[in-house]
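Structural overview for review
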Amino acid sequence: LHAAAAARELERMGTFVQLMRRYYELMGAIHAVAADPDKAAVLQMTKLKEFLEHSGQRDREPVVLRQVAEGNDSIAVRNAATMMLAEALAERGEHRAAAEVLERALLGRAPR
């Protein structure tokens, strides 16, 4: 009986250690995103899209994403904004406009 209780306690401790390891890995990943301006901007755009949808302002998504795609200094952020813009347009049923945004980006021109 004593050995079984000890085994259960060891199992609980092992579970706790695994949980803490995952927690610190998550904190490291969050820090890595927050410390990288490009990654942080992509996360911010993702959250902005979510907030606009939940606040009933979904129609602003393409406008805001187009501004980021046209005006940000970072190639990575512009590329992410362009992809998100095309996706937002496609979600609205504007597949032709979505394709044009991606085509313009691939040809090295800013989206319209």
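Now for a description of the structure that goes with this document. Small disclaimer: the values here were computed from a predicted structure and weren't measured.

1. Some remarks on the overall build of the chain
Broken down by element type, the chain carries five helices and zero strands. N-terminal to C-terminal, the α/β element order of the chain is α-α-α-α-α. Its C-alpha atoms give the chain a radius of gyration of 22 Å, clearly above 13 Å, the size a compact globule of 112 residues would have. Along the longest, intermediate and shortest principal axes, the C-alpha atoms of the chain span 70 × 30 × 25 Å. Buried positions account for 21% of the 112 residues belonging to the chain. If you take every contact in the chain between residues at least 6 apart in sequence, the share linking residues at least 24 apart comes to 41%. For the chain, the accessible surface area stands at approximately 8200 Å², while carbon and sulfur atoms represent 60% of it. Here the chain contributes 16 positive and 16 negative side-chain charges, whose respective centroids are spaced 1 Å apart.

2. Observations regarding the packing of aromatic side chains
Throughout the structure, instances matching the rule amount to one aromatic pair. When the centroid spacing of 5.3 Å and the interplanar angle of 75° are considered together, the rings of Tyr-23 and Tyr-24 count as edge-to-face. On the basis of relative accessible area, Tyr-23 is assigned to the partly exposed category, the value being 41%. You can call Tyr-24 exposed: its relative accessible area is 54%.

About the criteria used
Residues numbered from 1 in each chain as written. Predicted model: local features only at pLDDT ≥ 70, side-chain atom pairs only at ≥ 80, totals over all residues. Heavy atoms only, no water. Helix = DSSP H or I, 4+ residues; strand = E, 2+ residues; numbered from the N terminus. Rg over C-alpha atoms; globule rule 2.2 N^0.38 Å. Buried < 20%, exposed > 50% of the residue type's maximum accessible area, 1.4 Å probe, protein only. Contact = heavy atoms within 4.5 Å. Areas by Shrake-Rupley, 256 points an atom, 1.4 Å probe, with all protein chains shown as cover. Lys, Arg positive; Asp, Glu negative; His and termini not counted. Charge placed at Lys NZ, Arg CZ, Asp CG, Glu CD. Phe/Tyr/Trp six-rings, centres within 6.5 Å; stacked < 30°, edge-to-face > 60°.

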